[in-house]
Structures are given as structure tokens and as C-alpha cells.
Amino acid sequence: KDFLHFDEDDDAAIASRLLRLPATPDKPFLLATGDRYALLIARYQDQLAERYCFVSPSYDLLDAIIDKAKLYENARRNGFLCPAFHIVRERKDIDAAVANVPTPCYIKPALGHQWRRVKNTKLERANTEAELRRILENFLALGLIAIPQEIIPGKDSDVISLSAYIDRSGDCRGYRTKRKLRQLPLDAGNGSAQEICSQPEVAEIGLRILAMTGHRGPATVEFRRDERSGCFVLIEI
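Residues numbered from 1 in each chain as written. Predicted model: local features only at pLDDT ≥ 70, side-chain atom pairs only at ≥ 80, totals over all residues. Heavy atoms only, no water.

Trainee: For this particular structure, what's the right way to read the nonpolar core?
Mentor: Counting 27 residues, the largest nonpolar core has L162, I209, L210, V221, F223, L234 and I237 as its most contacted members. Going through the elements one at a time, α5 (68-77), β4 (159-166), α9 (200-213), β7 (217-225) and β8 (232-236) are the ones with two or more residues in this core. Discounting chain neighbours no more than four positions away, the residues touching L162 are Y175, R176, T177, V202, A203, G206, L207, L210, A219, T220 and V221. Counting 16 residues, the second largest nonpolar core, distinct from the first, contains C105, L136, F139 and L140. (Core = buried A, V, L, I, M, F, W, Y, C linked by side-chain atoms within 4.5 Å. Buried < 20%, exposed > 50% of the residue type's maximum accessible area, 1.4 Å probe, protein only. Helix = DSSP H or I, 4+ residues; strand = E, 2+ residues; numbered from the N terminus. Contact = heavy atoms within 4.5 Å.)

If you want it as C-alpha cells, here you go:
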């Protein structure tokens, strides 16, 4: 098979290239492999749906899932467990963040795909208040929203996820749960070894969260089991 590499930074240019590809008798399936491309499909779905087969929520709904600041605020309003967090959108938010999130803590970007354009990491870690202030200043200098958040204690194998497919009517057509065995970097990295497992509680909470967000299509909801309480805490979708 031939592979086409899309190097454009502009999403409109990528959507335009997709629409200019030769037509086929049957609509090919269009699968986003990352947050940026999921948002691209959602934004241009009316045009892309004429040529491709896919299931996506509206752009606004998907943005409220992928943007961790919006996701955490929505989850907290609806009674789902999240790490203690504070959203830093501008310099005046830094003092409140330092006061509300104890160090050591993680600092995550609200939009991970924007962060990965400048850093080849998922997050930063601050061990002291001085480090936290410095990292938050760096985020703001890059024009990015930062979310310092509590580090949930536990092992890498306490990270358990639900992967599900939600159809256009909002019904779950299939799901599985999986557990990380190792991740790189340790504690807050990408899974380097994982296993399918049965975790009904994670499945139940994850499906309720997806219903709350109004999501459609494929998604993975990641949790970490808090070793202090035994409860599953939402990490991201």
C-alpha cells in the first residue's frame, strides 16, 4: 500500500488534501490517530463526510474532552473523581495554583498535541514551589494553558483504562479494559507493556463519563487507582 505523508501545519490544508484524493466506489474509513487529527475531522466533518466514513461528535463536544482543563472542570461538576488541580491561563493564576496544588506535582498542558510541538514529553514535574512557579511561567511564555495537578500515589500497574466505541445514537457497541504493566518514563509515561484485563468498575465509570461528555466514536478513558482510597481517579480521555 502507498502511504501519503501530510506535513502541513495548517489543518485546513490537510482537510483540503483529503478532499482532493481520488474518489473510490466505497467510502474509505477515516481514523484519527491522535487528538489533533480527531479535532481536525470534527471541525471539517460536514465536508469530509461526503468522501469518508467515520463517527465523530461535534467539534465543541470533542474540544471539551481533549482540553483537559474543560474535561476536569466538567468531571468535577458531575461528581467524578479527579486529581486535585488548578488551571493556569494567565500569570495571576500562578499564586492560587501554588497554594492549591502541593508539590511534588505534575504540570500538564491543557492540549497535549500543542505541547508536543515544543516538547517531546507528556508533562513536567515540579518537586518544589520554586520549580512549579518556573514551569508555569514557561508554559505561559509558550502561550499554553497549564494544569498543575496532584500526583496520585500508586504503581504503574494501577493505571487502568477503558477503550470503547460509541455509535452515532450514543450506544456502546463494544469495549475492553486494559492495565499498564510498565510505562516509560516510569509513573507518567506511555505504556510499554499492557494487558487486557477485566475491571467492571472502570468500565462502568468510564462509560458514564463518555455519556456525560456526549462523545461519539472511539475513545479511551484512563484512570489511576489511588492506593490511599482504592478509588479510580480520572486521568484523561
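Trainee: Any chance you could explain the sheet that holds strand β6 (residues 190-197) here in plain terms?
Mentor: Ordered by their spatial adjacency, five strands build an open sheet running β6-β5-β4-β7-β8, and the pairing between neighbours is antiparallel. The sheet terminates laterally at β6 and β8, the two strands that pair on one side only. Pairs of neighbouring strands in the sheet enclose a mean axial angle of 35°, with direction left out of account. With seven bridges connecting them, β4 and strand β5 (residues 172-184) associate as antiparallel partners. Paired with S161 across the bridge in β5 is K178. On top of the sheet, α9 reaches β4, β5, β7 and β8; it is set at about 50° to β4, its chief contact. (Pairing = 2+ DSSP bridges. Axes fitted to C-alpha atoms, helices over the stretch in contact; angles between N-to-C directions.)

Trainee: Sorry if this is basic, but what is going on with the packing of aromatic side chains here?
Mentor: The description of an aromatic ring pair uses the distance of the two centres, along with the angle that the planes make with each other. Summed over the entire model, instances satisfying the criterion amount to two aromatic pairs. Ring centres of Y72 and F85 lie 5.2 Å apart, and the angle between their planes is 45°; on these two criteria the pair is classed as tilted. Here Y72 is found in helix α5, whereas its partner F85 is found in the loop between α5 and α6 (94-100), with 13 residues between them in sequence. The same class applies to Y72 and to F85, which are both buried. (Phe/Tyr/Trp six-rings, centres within 6.5 Å; stacked < 30°, edge-to-face > 60°.)

Trainee: Help me understand the environment of F139 in this model?
Mentor: Within the secondary structure, F139 sits in helix α8 (residues 129-141). Under the relative-accessibility criterion, F139 is labelled buried at 1%. With 50 residues separating them in the primary sequence, F139 and R89 have C-alpha atoms 9.2 Å apart. The residues touching F139, leaving out its near neighbours within four places in the chain, are I107, K108, P109, W115, E124, L144, I145 and A146.

Trainee: Could you clarify how one ought to interpret the sheet that holds strand β1 (residues 105-109) in this entry?
Mentor: On the basis of which strands lie adjacent, the open sheet formed by three strands has the order β2-β1-β3 and antiparallel pairing. Sheet topology places β2 (124-126) and β3 (146-150) at the edges, where each strand pairs with a single neighbour. Within this sheet the neighbouring strands show an average axis-to-axis angle of 30°, counted without direction. Inspection of the sheet shows β1 paired to β3 by five bridges, in the antiparallel sense. Bridging from a neighbouring strand, C105 pairs with E150 of β3.

Trainee: What is the right way to look at helix α1 (residues 11-20) in this model?
Mentor: Think of an α-helix as 3.6 residues a turn; residues three or four steps apart then line up on the same face. Taken as a whole, α1 has its buried residues at I14, A15 and L18. Viewed along the axis of α1, the buried residues span an arc of 100°, placing them on a single side of the element. Taken together, the buried residues of α1 touch α2 (35-43) and α3 (45-48). (Arc of directions from axis to C-beta.)

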